[in-house]
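Tertiary structure, described
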Number of protein chains: 2
Amino acid sequence: MADSPVTRPSPAGLPWYVAGSQLLGLSCVVITGVWMGHYRGGYAWDGSAKEFNVHPLCMVLGLVFLYGDAIMVYRVFRNENKRSVKILHAVLHVIALIFSIIGFVAVFEFHAKAKIPDMYSLHSWCGMLTFVLFCIQWLMGLGFFLFPGAAPGLRSWYLSLHVFFGLALFALAVATCLLGITEKLLFSIMGTYSKFAPEGVLANTLGLLLVGFGVQVGYIVTREEFRRPPHPEEEALSMHFKTLTEGETASSP
Amino acid sequence: MADSPVTRPSPAGLPWYVAGSQLLGLSCVVITGVWMGHYRGGYAWDGSAKEFNVHPLCMVLGLVFLYGDAIMVYRVFRNENKRSVKILHAVLHVIALIFSIIGFVAVFEFHAKAKIPDMYSLHSWCGMLTFVLFCIQWLMGLGFFLFPGAAPGLRSWYLSLHVFFGLALFALAVATCLLGITEKLLFSIMGTYSKFAPEGVLANTLGLLLVGFGVQVGYIVTREEFRRPPHPEEEALSMHFKTLTEGETASSP
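Thresholds applied
Residues numbered from 1 in each chain as written. Chains lettered and ligands numbered in written order. Predicted model: local features only at pLDDT ≥ 70, side-chain atom pairs only at ≥ 80, totals over all residues. Heavy atoms only, no water. UniProt positions renumbered as here; feature names shortened; annotations may be inferred. Helix = DSSP H or I, 4+ residues; strand = E, 2+ residues; numbered from the N terminus. Buried < 20%, exposed > 50% of the residue type's maximum accessible area, 1.4 Å probe, protein only. Contact = heavy atoms within 4.5 Å. pLDDT = per-residue confidence, 0-100. Core = buried A, V, L, I, M, F, W, Y, C linked by side-chain atoms within 4.5 Å. Buried area = accessible area lost by both parts, 1.4 Å probe. Salt bridge = Lys/Arg side-chain N within 4 Å of Asp/Glu carboxyl O. Polar contact = N/O pair within 3.5 Å; in protein donor to acceptor, adjacent residues only side chain to side chain.

In the nomenclature of an unreviewed UniProt entry, chain A is known as Transmembrane ascorbate-dependent reductase CYB561 of Conger conger. Entered under Subunit (unreviewed entry) in the UniProt record, the comment concerning chain A runs "Homodimer." According to the UniProt record, the Subcellular location (unreviewed entry) comment for chain A is "Cytoplasmic vesicle, Secretory vesicle, Chromaffin granule membrane".

Below, the structure is given as structure tokens:
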């Protein structure tokens, strides 16, 4: 691995993979917006079905697109100060959380007004599980990596768990969106979905793009050659000490 | 890393994690069987809804439980000959493939008899994508790792891709099952699902157990400390040569 303190160029291919991920992620947000805006009557905040429409858009924007981008910051900002990148990682997750809370309020208010029971579907179970674990994961990250108290050994131990469960939760967030797409289509166009109605094809395409974004983000953050190189000026405080001395593998970042 | 040629014990915790995964995986198979057998009228091979019922059981058994177990063989059989473990990995995948083909035939025959269009839903798109990529992944694995022709450098290059896409496809298989559960429930018990009908709660629970199995398998195969240690007698032909000499990380097995 390189150990020069100067700014190094990105590994070959990384900028293209990141650009591709942004294209996929933004396509997901735009298609969700078009689906709800064009086919489902647009947006409002009055407890109607138009308030429900805020839900998919906020969840795709927050718990998929911003969550994915938050995961990738260590790959994208390779030469910036580590602490700054950590703060960006945490802040992007907070923005993702805010959007997801707005999305949650939208669906619960719609259910309340339409007298639809809450939390009976697999989509809602997976979504609530993702949300609760996301909050716990964020608090754990804050405690271990941003507060100064945690010992380097403890940080190193938790890091690989943070990375694994962060990616697992991201995958669960994507899967929950796929469930939401299926539910919405069967509630709205059960009769024409099987006749390849344009709305169904669009929403299915959205599903595949969400899978594509998830796989692309997963690929970028798990490639060994895309990992952020150790920065010598950070090594005194590094949690990679064990890695560097014993030749073991830190899972990230 | 240990480099003794003698049989070494498993890392602490690994047997418990593996046992837990088997408990989760078998629970998924049993609950799918009970759902289709008890709530959906049982099994037959006559193009009826009872033939459809073979579909979920075969997919969960093949593309989830056996697929997951095939992924874990390098962790479970740590001291057996590498080539034998590779063959077991390939054979388990073939059995998974056979079950999934039976499952495919069941749903297509049911659709044909009931005059239901094929391949319109997100579940079917994701399932077909998983199936096609699974076949390609299997053939690529055969060509690179079991046929003797591939150069070690080429094997080493492909290995990390094989591992990444193998896990991504496994996650997609689990997500496709969740979509199938949601579809089946909305087609069958739309009216009582929102009233927490026992069938709905059972199927939702199945969904969470499938997620649990997927996460457990993912955890076991990505833990650095659970990796199969290098066996000195295999080192002459090892594709980990680069890893051992340069201190880089092979992604597996």
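Quick look at the environment of A:Thr32
All names here are of chain A. As for its position among the elements, Thr32 is in helix α1 (residues 14-39). For Thr32, a relative accessible area of 1% corresponds to the buried category. Each C-alpha atom of the pair Thr32 and Asn53 lies 9.3 Å from the other, and the pair is 21 residues apart in sequence. Apart from the residues lying within four places of it in its own chain, the contact partners of Thr32 are Tyr43, Pro56, Leu57, Val60 and Leu206.

Some words on the UniProt feature "transmembrane region" (unreviewed entry) in chain A
Mapped onto the present numbering, the UniProt feature "transmembrane region" (unreviewed entry) falls on residues 12-34, 54-75, 87-108, 128-147, 159-181 and 201-221 of chain A. In the segment residues 159-181 of chain A, helix accounts for 100% and strand for 0%; the C-alpha atoms at its two ends are 33 Å apart.

Overview of the confidence of the model for chain A
Per-residue pLDDT for chain A has a mean of 91; in total, 89% of the residues score no lower than 70. Low pLDDT, under 50, characterises residues 236-253 of chain A; the stretch is placed with 36 contacts to residues that sit more than four places away or in other chains.

Structural notes on the nonpolar core
Within the largest apolar cluster, 123 residues are counted, with the highest numbers of intra-cluster contacts made by A:Leu178, A:Ile181, A:Leu210, B:Leu178, B:Ile181 and B:Leu210. Setting aside chain neighbours within four positions, we find A:Leu178 in contact with A:Gly207, A:Leu210, A:Val211, B:Leu122, B:Cys126, B:Ala175 and B:Leu179.

Quick notes on the interface of chain B and chain A
It is common to give the size of an interface as the accessible area lost on bringing the parts into contact. Taken together, the contacts link 40 residues of chain B with 40 residues of chain A. Considering only the side of chain B, the residues that lose the most area to chain A are B:Tyr120, B:Leu122 and B:Trp125, jointly responsible for 17% of the buried surface there. Inspection of the region where chain B meets chain A yields zero salt bridges. Between chain B and chain A we count eight residue pairs in polar contact (both at pLDDT 80 or more) in total. Among the elements of the structure, α5 (122-146), α6 (152-193) and α7 (198-222) of chain B are those that each provide at least two residues to the side of chain B that touches chain A.

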